[in-house]
Amino acid sequence: MVASIPWLGNMLTKYRTNRSGYSGTYQLADEEFTRISAEKHAKTKTLRQAATFALAVLPAMTIPFMLKKGMLNGAASKNNLLKWFNNNADKFDYKDSIYMSRLTALAMWITSDYFPYQLACRDKYEYRDTLIRGTSIGLVFWGGDLLLKRAFSKLSDKIFKTNLMNKSKNRPYALRELKNYQNINELKNLSLKTIKRTQNAGVGLYVLNLGIIMATLGFGLPAALNRFLRRKVDEDKMHINSNNCFQLEFPDVYKNFKFK
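Residue positions are counted from 1 within each chain, in the order its sequence is given. The model is predicted, so local features are restricted to residues of pLDDT at least 70 and side-chain atom pairs to those at 80 or more, both for listing and for counting; the totals for chains, interfaces and linings are taken over all residues. Hydrogen atoms and water are omitted, and side-chain values are computed over all heavy atoms in the structure.

(A) Molecular detail of a nonpolar patch on the surface. Residues enter a patch when their relative accessible area is above 30% and they make no salt bridge; the linking distance is 9 Å between like charges and 5 Å between nonpolar side chains (Val, Leu, Ile, Met, Phe, Trp, Tyr). Values of accessible area rely on a 1.4 Å probe in the Shrake-Rupley scheme; residue burial ignores everything except the protein chains shown. For this document, the term salt bridge refers to a Lys or Arg side-chain nitrogen within 4 Å of an Asp or Glu carboxyl oxygen. A contiguous nonpolar surface patch, about 570 Å² in accessible area, is contributed by L175, V203, Y206, V207, L210 and M214. Secondary structure elements follow DSSP: runs of H or I no shorter than four residues count as helices, runs of E no shorter than two count as strands, and numbering proceeds from the N terminus. By residue number, the principal contributor to the nonpolar patch is helix 9 (residues 192-249), which donates 5 residues. Along the chain, the position of L210 falls in helix 9.

Right under this line is the structure:
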């Protein structure tokens with residue numbers, strides 16, 4: 001279902017606009033330009049749809065099998081992959097039988113979101129946009145936010161004398177852990193003043209982290225990609241127009257030449 005979203009979106013766009021090619025260029029170029037830009041990708045559409053389906057079912061066909069082999073035989077196996085699944089099997093489990101784990105969600109995102117959106121691209125402009133956008137969002141969502149949180153927590157502990165870092169596990173405390181600090185040995189004996197300062201810093205850094213991610217991914221990235229797209233389309237239009245003018249200037253000499 002997730003992997004089909006970009007393909008269904010393309011179908012709906014074509015149905016509503018009666019135009020082919022990347023919809024992001026519709027306001028930048030005429031219908032003929034977008035049609036020609038999409039011709040190369042249209043030739044491999046069926047093959048790319050088949051690849052999308054194969055990627056979408058890949059996790060279901062491989063991960064449960066590897067988990068089973070890892071849990072049954074991984075501990076004594078010489079296969080490093082089976083040993084890894086044996087040691088990390090719990091990271092694929094659903095939390096409270098409801099919430100997908102980060103590792104399971106990552107496998108689904110790679111095979112049913114990241115690559116299918118690239119496979120569904122209608123021309124080179126959309127592919128470039130999708131690759132940069134998907135990679136940027138993926139890096140932030142699958143680890144970038146944690147790196148920011150770790151960096152901010154260490155900085156806060158150093159400057160403001162808070163206790164946001166769990167020193168035994170070398171990671172920041174979660175907000176729920178700071179709320180229930182009485183259950184954590186490293187925190188329960190601290191003064192109330194230090195605990196309050198740490199809790200307030202935790203909330204503040206959470207908001208700061210969220211604000212930075214929203215500003216960069218929600219506003220900065222789209223603005224940069226839109227400017228880049230506009231510049232590339234204008235350059236290609238200028239190139240096409242210059243070739244057309246060249247052919248019109250010397251129609252008899254160059255009538256059999258093709259310009260790319």
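(B) Main features of the packing of aromatic side chains. Classification of ring pairs uses Phe, Tyr and Trp, with its six-membered ring standing for Trp, and accepts pairs whose centres are within 6.5 Å; under 30 degrees between planes counts as stacked, over 60 as edge-to-face, and the remaining range as tilted. Inspection of the entire model under this criterion finds 8 aromatic pairs. By the ring-pair criterion, three or more aromatic residues cluster together here, those being W109, Y114, F115, F141 and W142. We note R19 situated over the ring of Y26; from NZ or CZ to the ring centre the distance is 4.3 Å. Remark: a charge is flagged as sitting over a ring if the NZ atom of Lys or the CZ atom of Arg is within 6 Å of the ring centre and within 35 degrees of the ring normal.

(C) Here's a closer look at the confidence of the model for the protein. pLDDT is a residue-level measure of predictor confidence that goes from 0 to 100. Residue-level pLDDT values for the protein average 90, and 93% of them are 70 or greater. Contact definition: two residues touch when any of their heavy atoms are within 4.5 Å. Ignoring residues within four places in sequence, the model shows residues 248-255, a span with pLDDT below 50, making 1 contact including any to other chains.

(D) Fine view of unusual backbone geometry. Positive phi outside glycine occurs at N18, with the angle close to 60°. Mapped onto the secondary structure, N18 falls in the loop between helix 1 (5-17) and helix 2 (31-42). Even without being a glycine, K161 presents a positive backbone phi close to 60°. The residue K161 is located in the loop between helix 6 (124-159) and strand 1 (165-166) in this model. On the basis of relative accessible area, K161 is assigned to the exposed category, the value being 57%. Accessibility here uses a 1.4 Å probe with only protein chains present; expressed as a share of the type maximum, an area under 20% marks a residue as buried, one over 50% as exposed, and anything in between as partly exposed.

(E) Examining helix 4 (residues 80-88) more closely. Listing the buried residues of helix 4 in full gives L82, F85 and N88. Down the axis of helix 4, the buried set is contained in an arc of 145°. They therefore lie on one face. Relative to its buried face, helix 4 has exposed residues pointing more than 90 degrees away, namely N80 and N87. On its buried face, helix 4 is in contact with helix 3 (45-73). The arc refers to the directions leading from the helix axis to the C-beta atoms.

(F) Highlighting the packing of helix 5 (residues 102-119) against helix 6. Orientation of helix 5 relative to helix 6, taken along the N-to-C sense of each, is 170°, at an axis distance of 10 Å. The angle between helix 5 and helix 6 places the two elements in the roughly antiparallel class. Together, R102, A105, L106, W109, Y114, Y117 and Q118 of helix 5 and Y127, T130, L131, G134, T135, G138, F141, W142, G143, D145 and L146 of helix 6 make up the contact between the two elements. All axes are obtained by fitting lines to C-alpha atoms, using only the stretch in contact for helices, and the reported angles, taken between N-to-C directions, cover 0 to 180 degrees. Geometric relationships in this document are graded by angle, where less than 35 degrees denotes roughly parallel, more than 145 denotes roughly antiparallel, 65 to 115 denotes roughly perpendicular, and other angles denote oblique.

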